[in-house]
Amino acid sequence: MTDALFRNFIDGRFDEPSATFDSVDPSTGAPWAKMPAASEADVDRAVGAAHRALRSGPWRTTTASARGKLLVRLGDLVAANAGRLAELETRDTGKIIRETRAQIAYVGDYYRYYGGLADKHEGAHVPIDKADLDVTIRREPIGVVAAVVPWNSQLFLSAVKLGPALAAGCTVVLKASEDGPAPLLAFAELVHEAGFPAGTVNILTGFGQDCGRRLTSHPLVSRVAFTGGPSTARTIVRNTAENLAYTTLELGGKSPVVVFADADLESAANAVVAGIFAATGQSCVAGSRLLIERPVRQEFLGRLKRKAEAIRIGDPQDPATEMGPLATLRQRDRIETIVAESLAAGGTLVTGGKRPDIGDGFYYAPTIIDAGNINLPCVREELFGPVLSVLAFDSEAEALALANDTPFGLASGVFTSNLGKAHRMARDIHAGVVWVNTYRAVSPLVPFGGYGLSGLGREGGLDAIRDYTRSKSVWIKTSDEPIPDPFVMR
Ligand code: NAD
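All of the points below concern the structure found in this document.

### Digging into the nonpolar core
Reasoning step 1: Counting residues in each nonpolar core, the largest one holds 60 residues, and the members touching the most others are Leu74, Tyr111, Phe187, Phe196 and Ile203.
Reasoning step 2: The element contributing the most residues to this core is helix 5 (residues 154-168), with 10 residues.
Reasoning step 3: Residues in contact with phenylalanine 187, not counting those within four places in the same chain, are Leu74, Val78, Leu85, Tyr111, Leu155, Leu162 and Ile203.
Reasoning step 4: Among the nonpolar cores identified, the runner-up in size contains 33 residues, and Val257, Val390, Val433 and Trp435 belong to it.

Next up, the structure:
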């Protein structure tokens, strides 16, 4: 039954949608809500509102300290409403409730962090090499930001864009994914309640080919912050050929987890399980390639198989559930295809590789494939699902070569009790994140982003706010003497 209607939030108002589409509950496979399908005209209104707010609305003269207070208030509202937002996210994406509750409560800290930073980002006074001139560098908001996010962890992935953008004084049009947009559209009510002036933040959803394309190529957009897959990223970069917007890209991964024989194997096995089966493997940092030192290969695979088969799969709204469904049917179809191709090409199934017998939802069992060959599709491609591919290695040099043999470079894990080895691996792995003897830790204080096909730019940490500003150099002549020679550059 379709029993809920969500709305786009444009120019401080919740719009009656002119077109809608059904959102499907992945745990049942049935539609449960109607979502607004933003048209190109809706995007134009949202960008127009954001541009007005930037140029002439009260936001233009809102001080950095006042922007910070608004962000802190928004963070408090997100934390206070985490339970309600978590139920919506779980309903619309199938992500388990124990994870959505914890993650959304933490999203509040991201807004508080950027709220605190808003009035600490300073310009500069330059000790200029000309006695009669004074130069200051102002840092100004870069302009209207188009933020585009995928369906997994939408509140979280929005916070790392909205937080620094608003702290810097930008205005934003945020496009939720057409898959699972409910939590972001509900979050718009909190933006409204926090008291941001109309047009400062606009939140809508719609499809990539019209709404997303128009937004990222819009002539009034100066900055695009995108998270999603690499092929969409290429389209976005082509879109920005229109407006030449400064663009950052947070993309996918095929992250290696290297387990040496000297590691604490029980702790490493738990981390590998967290890395690939948490969020049903639908995480950009999923540790989907296990590289295991040969002497402990059999023992470690045995541990992993037992742990994978003990995972409680089922209703994502049940707090006891450890793994929910995949978010979409097309996602499960794709995973089934790649697993079948990999097994046909010589991979050995350790466990899983099938649909568990749970109703009509988009469930898929935790799967481990002993690949033995780096060229199998399950080793090369991002599956974005609960599928772990395993390769064995005989030396540190081989482990490093295997870890780096990928066009991606988002995250990685190293498990060892040898300090020197940990440092060497951390230095030499080509990835934006290296976790040593841990996995899947994040914080607003720490930059995040990828190498290679995993992206361009960084989100999080102190520098993120700078990425939403541009400098303006102001030269002032301080002497009363006339300009000496108009034909010589000063
Ligand atoms: P996707 O690339 O299909 O979609 C992402 C967003 O782009 C959606 O909002 C979609 O509507 C929009 N879009 C699609 N076509 C567009 C177009 N032509 N113009 C403008 N916008 C367009 O990604 P997905 O399947 O929703 O998410 C999964 C991907 O996201 C995976 O590759 C995953 O690794 C990646 N991801 C990366 C990070 C990170 O921080 N690095 C985090 C989460 C997810």
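### Details of the site of the ligand
Reasoning step 1: Around the ligand, the surrounding shell holds 29 residues, and the nearest of these are Val149, Glu178, Thr232, Leu251 and Glu382.
Reasoning step 2: In the environment of the ligand, an oxygen atom lies 2.6 Å from a nitrogen or oxygen atom belonging to the side chain of glutamate 178.
Reasoning step 3: Glutamate 382 places a polar side-chain atom, nitrogen or oxygen, 2.6 Å from an oxygen atom of the ligand.
Reasoning step 4: Residues of the shell around the ligand, tallied by class, amount to 12 nonpolar, 12 polar and five charged.
Reasoning step 5: In terms of domain composition, the shell around the ligand takes at least three residues from each of domain 1 (9-251 + 450-473) and domain 2 (256-436).

### Some points on the sheet that holds strand 1 (residues 4-5)
Reasoning step 1: The strand order 1-5-4 describes an open sheet built from three strands, whose pairing is mixed. At either margin of the open sheet sits one strand with a lone partner, and together these are strand 1 and strand 4 (20-25).
Reasoning step 2: For strand 1 and strand 5 (residues 30-36), the ladder comprises two bridges, and the chain directions are parallel. Bridging across to strand 5, leucine 5 finds its partner in lysine 34.

### Structural notes on the sheet that holds strand 21 (residues 469-477)
Reasoning step 1: Taken in spatial order, the three strands line up as 6-7-21 in an open sheet, and their pairing is antiparallel. Strand pairing shows two members of the sheet lacking a second neighbour, strand 6 (124-126) and strand 21, which therefore form its edges. Along the sheet, successive strands turn relative to each other by an average axial angle of 25°, direction set aside.
Reasoning step 2: Pairing geometry for strand 6 and strand 7 (residues 133-141), over three bridges, is antiparallel. Paired with valine 126 across the bridge in strand 7 is valine 135.

### Considering helix 9 (residues 265-277)
Reasoning step 1: Taking 1.5 Å of rise per residue, the 13 residues of helix 9 would be expected to cover 18 Å, and the 18 Å separating its terminal C-alpha atoms lies within 8% of that figure.
Reasoning step 2: For helix 9, every residue scored as buried is listed here: Leu265, Ala268, Ala269, Ala271, Val272, Val273, Gly275, Ile276 and Phe277.
Reasoning step 3: Residues of helix 9 that are buried sit in contact with strand 13 (256-259), strand 14 (289-293), helix 10 (297-309), strand 16 (367-370), strand 17 (387-393) and strand 18 (413-415).
Reasoning step 4: Just downstream of helix 9 lies alanine 279, where phi reads positive at about 55°.

### Observations regarding the pairing of strand 10 (residues 201-205)
Reasoning step 1: For strand 10, a buried count of five out of five residues is recorded, marking the element as mostly surrounded by other parts of the structure.
Reasoning step 2: Across the two faces of strand 10 the burial is the same, with Val201, Ile203 and Thr205 and Asn202 and Leu204 all buried.
Reasoning step 3: Relative to strand 10, strand 9 (residues 171-176) is paired through five bridges, and the arrangement is parallel. From the neighbouring strand, valine 172 faces strand 10, where its bridge partner is valine 201.
Reasoning step 4: Once the chain exits strand 9 it traverses helix 6 (residues 182-194) before rejoining the sheet at strand 10, and the crossover so formed is right-handed.

### What about helix 6?
Reasoning step 1: Between its first and last C-alpha atoms helix 6 spans 19 Å; for 13 residues at 1.5 Å apiece the expected length is 18 Å, and the two agree.
Reasoning step 2: Counted residue by residue, helix 6 has 10 buried out of 13 residues, so it is predominantly covered.
Reasoning step 3: Listed as buried for helix 6 are Ala182, Pro183, Leu184, Leu185, Ala186, Phe187, Ala188, Leu190, Val191 and Ala194.
Reasoning step 4: Following helix 6 by one or two positions, glycine 195 adopts a phi angle in the positive range, close to 105°.

### Quick notes on the packing of helix 13 (residues 396-404) against helix 14 (residues 419-428)
Reasoning step 1: Packing of helix 13 against helix 14 leaves a shortest axis separation of 11 Å and a crossing angle of 30°. In terms of orientation, helix 13 and helix 14 fall into the roughly parallel class. Judged by the sense of rotation from one axis to the other, the crossing of helix 13 with helix 14 is right-handed. When helix 13 is examined against helix 14, the residues Glu396, Ala399, Leu400 and Asn404 are found in contact with a partner set consisting of Lys421, Arg424, Met425 and Asp428.
Reasoning step 2: The residue inventory of the contact of helix 13 with helix 14, partitioned by class, reads three nonpolar, one polar and four charged.

Rules used throughout
Residues numbered from 1 in each chain as written. Predicted model: local features only at pLDDT ≥ 70, side-chain atom pairs only at ≥ 80, totals over all residues. Heavy atoms only, no water. Core = buried A, V, L, I, M, F, W, Y, C linked by side-chain atoms within 4.5 Å. Buried < 20%, exposed > 50% of the residue type's maximum accessible area, 1.4 Å probe, protein only. Helix = DSSP H or I, 4+ residues; strand = E, 2+ residues; numbered from the N terminus. Contact = heavy atoms within 4.5 Å. Near = heavy atom within 4 Å. Polar contact = N/O pair within 3.5 Å; in protein donor to acceptor, adjacent residues only side chain to side chain. Nonpolar A, V, L, I, M, F, W, Y, C, P; charged D, E, K, R; others polar. Domains from an automatic or database assignment. Pairing = 2+ DSSP bridges. Axes fitted to C-alpha atoms, helices over the stretch in contact; angles between N-to-C directions. Expected span 1.5 Å × (residues − 1). Right-handed = clockwise from strand over helix to strand, strands pointing away. Parallel < 35°, antiparallel > 145°, perpendicular 65-115°, else oblique. Left-handed = near helix turned anticlockwise from the far one by under 90°.

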